[in-house]
Amino acid sequence: MTAGIRLRRVAVPAASLIAGALLWEIIGRNTSPAFMVPFSVTVAKLAGLVRSGEFMAALAQSLALFTSGFLLAVVTAVPLGVLFARVRLLRIGLESYVTMLYATPMAALIPFILSLFGFDFGAKILVVFLFAFFPILYNTVEGARSVRPELIEVARAFRSNEWGVWRDVLIPHTLPFALTGVRQGIGRGLVGMVTAEFFLSASGIGRLIIVSERDFDTAGVLASVLLITLLGVLLMAIGRALENRYAAWRGLDR
Amino acid sequence: MTAMVEPRPRTGVFGLSEGAIAKLAAGLIILALWEIGCRAFAPAYVAKPIGILLAIPDTISSAKFLDAAWSTLWAVVRGLIVALILGTAVGLTMGRKPIVERALRYYVNGLYAMPMVAVLPLVTLWFGYTNEARMATIVFAAFFAIAINAADGARAVPPEYIEVARSFRARWDNIWLGIALPASLPYLLAGVRLAAGRALIGCIVAEFFISLEGLGFYILFNSRTFNHNAALVAVLLLAAFGVGVEALINWATRRYLPWYRRGERGE
């Protein structure tokens, strides 16, 4: 019985993935190569890109961009959000603006960044940063809202110093929310990364995609999109694992 | 001082409450810093609050802006509706039928995790530089967020409901439309909120990429011609749309799903 269930758990997804690849292959073989190329050709192209080192160079460029922007967003948004939990007036004053900016599509700001900061690496980091910053801050503020002022008062009453309040009350309460933000920030940061690579100076995987598209190299486009999907899945899995690791803290004396 | 001791004064208790004053003050400080900072350090063409304010009447009465706004927002709304119908159907099926869930899981999760703007070159290969390409991007951007949330929602339906319905010999449409759909509504609404943001980004980026009439292109064109004030009015409209969807969904959740309080704003 359990063996059967386990088999089904593996067999169904495997069959479905194989069916997807087959479908891709069949569609690719029966349409013009400008529209779609078979799965096997795409994989061969991907292998070629990996072997030539072109792929590794693009990946390294993209990851450097993503990590710089994303880490910058984490180290600024998380402390700011925790500070909101400590200084209530700051939170009340600013939280509606944070929500507003969280709901604003940051992609709309790209033309301004382009005309103000030009095409250099810093401008692209700014794009990734802007995409990732507000989801992290927004969710951390959500956590800040869940910190009851009584808890801070009790901590102070027991002569907890400022660091103690942060370590024992503020950070444990806001961290699970901040990590939800980090997961969202990874997703949005990746969008920011590709967008920056498309519209500011072409670089990394974004450049790979654009160049292939201009050459009507459908295999190249599909291979790079496949690649970026794998990168997205990997980074999102890391984000989700981090979030789940601390999710249990969320229920903390509520 | 009394306000500080008072636990959580709510808005509207003192006429203009502490919170409203703090919000107003913070807003004014931000605008003042922007204005002064830009006057001191940035080139003259950079948008400043007073300039934007003065540009609003001219911009929103120009036919170009109105056409662009209509084109973008209507495309986003239509795309969202298509994604909502398809995403709900696929998501509910995934949530109710384990075999469908297992078969589609990797596709849905994978394509959801993929940065959606990466499909743009592919979409333009398939649809050309057209309105359809933009629509496809919007639907693609929104679909997976809705499907994933609908599936979570359908999975969270208490099994007793289904069992009771079955033992009363309910028809399948009663189970799906009468139980699974309403019970997963809160998740679906959360999905729509996520999807709206993604759809908006997808639409704008598609307009950049395809040079299609719409707010994204309006922003691109006006910022290139150093008309930053008009471009920022368009950004404000996009922000208002994003905030509006957010507010609409919060309102709908409170109004129609009052039992669903978990994770919603408020204390």
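Refer to the structure above for everything that follows.
Residues numbered from 1 in each chain as written. Chains lettered and ligands numbered in written order. Predicted model: local features only at pLDDT ≥ 70, side-chain atom pairs only at ≥ 80, totals over all residues. Heavy atoms only, no water.

Caption draft 1: The arrangement of the overall build of chain A in detail. Looking only at helices and strands, chain A has 10 helices and 0 strands in total. Whereas a compact globule of 254 residues would reach a radius of gyration of roughly 18 Å, chain A reaches 23 Å, over 25% beyond that. Projected onto its principal axes, the C-alpha coordinates of chain A cover approximately 75 × 65 × 30 Å. Across the 254 residues in chain A, those meeting the buried criterion constitute 52%. For chain A, restricting intrachain contacts to residue pairs at least 6 apart in sequence, the fraction spanning at least 24 positions comes to 77%. Of the charged side chains in chain A, 23 are positive and 15 negative; the average position of the first set lies 7 Å away from that of the second. (Helix = DSSP H or I, 4+ residues; strand = E, 2+ residues; numbered from the N terminus. Rg over C-alpha atoms; globule rule 2.2 N^0.38 Å. Buried < 20%, exposed > 50% of the residue type's maximum accessible area, 1.4 Å probe, protein only. Contact = heavy atoms within 4.5 Å. Lys, Arg positive; Asp, Glu negative; His and termini not counted. Charge placed at Lys NZ, Arg CZ, Asp CG, Glu CD.)

Caption draft 2: Summary view of the interface of chain B and chain A. At the interface, 54 residues of chain B touch 56 residues of chain A. Summed over both sides, the interface between chain B and chain A buries roughly 4,900 Å², with carbon and sulfur atoms accounting for 73% of that surface. Together, Arg102(B), Leu125(B) and Trp126(B) form the three largest contributors to the area buried by chain B at its contact with chain A, with a combined 13%. Between chain B and chain A we count 0 salt bridges in total. The tally of links between chain B and chain A comes to 9 residue pairs in polar contact (both at pLDDT 80 or more). By residue number, the principal contributor to the side of chain B that touches chain A is helix H12 (residues 228-256) of chain B, which donates 9 residues. In the side of chain B that touches chain A, the residues fall into 39 nonpolar, 9 polar and 6 charged. (Buried area = accessible area lost by both parts, 1.4 Å probe. Salt bridge = Lys/Arg side-chain N within 4 Å of Asp/Glu carboxyl O. Polar contact = N/O pair within 3.5 Å; in protein donor to acceptor, adjacent residues only side chain to side chain. Nonpolar A, V, L, I, M, F, W, Y, C, P; charged D, E, K, R; others polar.)

Caption draft 3: Structural detail: the layout of surface pockets. Approximately 1,400 Å³ is the volume found for the second largest pocket. Along its surface, the second largest pocket is lined by 38 residues, and Leu101(A), Leu109(A), Ile30(B), Trp34(B) and Leu232(B) are the ones closest to its centre. Within the residue set of the lining of the second largest pocket, elements represented by two or more residues are helix H3 (54-86), helix H4 (88-103), helix H5 (110-117) and helix H6 (121-146) of chain A together with helix H2 (18-41), helix H3 (49-61) and H12 of chain B. For the lining of the second largest pocket, the class distribution of residues is 34 nonpolar, 4 polar and no charged. (1 Å grid on protein atoms, 1.4 Å probe; cavity = no way out; pocket = protein on both sides within 12 Å on 5 of 7 lines; lining within 4 Å. Points joined across faces, edges and corners; volume = space filled by probe spheres on them.)

Caption draft 4: Looking closely at the environment of Ser160(A). Residues and elements named next belong to chain A. On the secondary structure map, Ser 160 appears in the loop between helix H7 (149-157) and helix H8 (162-199). Through-space distance from the C-alpha of Ser 160 to that of Gln 184 is 34 Å; in sequence the pair is 24 residues apart. Among all residues touching Ser 160, those that are not within four sequence positions of it are Ala 155 and Val 165. From its side chain, Ser 160 meets the backbone nitrogen of Val 165 in a polar contact 3.4 Å long.

Caption draft 5: A look at the packing of aromatic side chains. Applying the stated rule across the entire model yields 15 aromatic pairs over all chains. Aromatic pair Tyr102(A) and Tyr138(A): ring centres 3.9 Å apart, planes at 0°, arrangement stacked. With a gap of 36 residues between them, Tyr102(A) in helix H4 and Tyr138(A) in helix H6 connect regions that are remote in the sequence. Taking the relative accessible area as the measure of exposure, Tyr102(A) reaches 11% and is therefore buried. Measuring from ring centre to ring centre gives 4.9 Å for Phe143(B) and Phe144(B), while their planes differ by 90°; the resulting arrangement is edge-to-face. Take Phe144(B): its relative accessible area is 8%, and that puts it in the buried class. Aromatic ring contacts, followed pair by pair, group Phe198(A), Phe199(A), Phe208(B) and Phe209(B) into a single cluster. Between Arg245(A) and the ring centre of Tyr246(A), over which it is positioned, the NZ or CZ distance is 4.8 Å. (Phe/Tyr/Trp six-rings, centres within 6.5 Å; stacked < 30°, edge-to-face > 60°. Lys NZ or Arg CZ within 6 Å of the ring centre and 35° of its normal.)

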